[in-house]
Amino acid sequence: MLQFEELRLELLECRKPLDELAEALGLDEMRKEIATLEEQAAAPDFWDDMKNSQKILQKTATLKNKVAAYEKLNTDYEDALIMIELSNEEEDLDMFDECKAGVDGFVEKLDAMTLS
């Protein structure tokens, strides 16, 4: 159905900005840094320096939150795309508004995360 195809194409146009956001955030580097920080936290003498321990745990939490926010955004993208494709296959026009809301919500979150 034409409505779903147009919506799908609109969403597919967001794939490149979503991938660019991952690069801009440095997700791969963040994941490596999280692994390094978690190794430090697992060291037997980690709690000997409380001030440093707290800094490491705070930094780990901050990085994990950034990664989780991006992963949630990516999941929203995938979910919206699947919903569009299934609705199109079923030719279920009743789902169009929900699909449109999913795409609009994803685009808003992508824009917000890109700006931040």
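Residues numbered from 1 in each chain as written. Predicted model: local features only at pLDDT ≥ 70, side-chain atom pairs only at ≥ 80, totals over all residues. Heavy atoms only, no water.

A.B. asks: Would you explain the nonpolar core in this entry?
C.D. replies: Note that soluble globular proteins tend to have their nonpolar side chains buried in a common cluster. Formed by 26 residues in total, the largest nonpolar core has its most connected members in Leu11, Leu18, Tyr70, Leu73, Ile84, Phe106 and Leu110. Once you skip the residues sitting within four places of it in the chain, Ile84 turns out to touch Phe4, Leu7, Arg8, Leu11, Cys99 and Val103. (Core = buried A, V, L, I, M, F, W, Y, C linked by side-chain atoms within 4.5 Å. Buried < 20%, exposed > 50% of the residue type's maximum accessible area, 1.4 Å probe, protein only. Contact = heavy atoms within 4.5 Å.)

A.B. asks: Please explain helix α5 (residues 96–115) as it appears in this structure.
C.D. replies: Two residues of an α-helix separated by three or four positions point the same way, owing to the 3.6 residues in each turn. Taking 1.5 Å of rise per residue, the 20 residues of α5 would be expected to cover 28 Å, and the 28 Å separating its terminal C-alpha atoms lies within 8% of that figure. Buried within α5 are the following residues: Cys99, Val103, Phe106, Leu110 and Met113. Projected onto a plane normal to the axis of α5, the buried residues spread over an arc of 100° and lie on a single side. Every exposed residue of α5 that faces more than 90 degrees away from the buried side is listed here: Asp97, Glu108 and Leu115. Structurally, α5 contributes buried residues whose contacts are with α1 (2–12), α2 (15–25) and α4 (50–90). (Helix = DSSP H or I, 4+ residues; strand = E, 2+ residues; numbered from the N terminus. Expected span 1.5 Å × (residues − 1). Arc of directions from axis to C-beta.)

A.B. asks: Would you explain the state of the cysteines in this entry?
C.D. replies: Using the criterion set out here, one finds zero disulfides in the structure. Looking at the unpaired Cys14, the closest cysteine sulfur is the one in Cys99, lying at 15 Å. Exposure remark for Cys14: the relative accessible area of 11% places this residue in the buried category. (Disulfide = S-S within 2.5 Å.)

A.B. asks: Help me understand the packing of aromatic side chains, please; the structure alone is not making it clear to me.
C.D. replies: The geometry of two aromatic rings is summed up by the distance between their centres and the angle between their planes. In the structure shown here, the tally under the stated rule is three aromatic pairs. Here the aromatic rings of Phe4 and Phe96 are separated by 5.7 Å at their centres, their planes lie at 70°, and the arrangement is edge-to-face. Linking Phe4 in helix α1 with Phe96 in helix α5, this pair joins segments that are 92 residues apart in sequence. Over the face of the ring belonging to Tyr77 we find Arg15, whose NZ or CZ atom lies 4.8 Å from the ring centre. (Phe/Tyr/Trp six-rings, centres within 6.5 Å; stacked < 30°, edge-to-face > 60°. Lys NZ or Arg CZ within 6 Å of the ring centre and 35° of its normal.)

A.B. asks: Sorry if this is basic, but what is going on with a negative patch on the surface here?
C.D. replies: On the surface, a cluster of negative charge is contributed by Glu85, Glu89, Glu90 and Glu91. Counting through the fold element by element, Glu89 comes out in helix α4. For Glu89, a relative accessible area of 61% corresponds to the exposed category. (Patch = residues over 30% accessible without salt bridge, like charges linked within 9 Å, V, L, I, M, F, W, Y side chains within 5 Å. Areas by Shrake-Rupley, 256 points an atom, 1.4 Å probe, with all protein chains shown as cover. Salt bridge = Lys/Arg side-chain N within 4 Å of Asp/Glu carboxyl O. Lys, Arg positive; Asp, Glu negative; His and termini not counted. Charge placed at Lys NZ, Arg CZ, Asp CG, Glu CD.)

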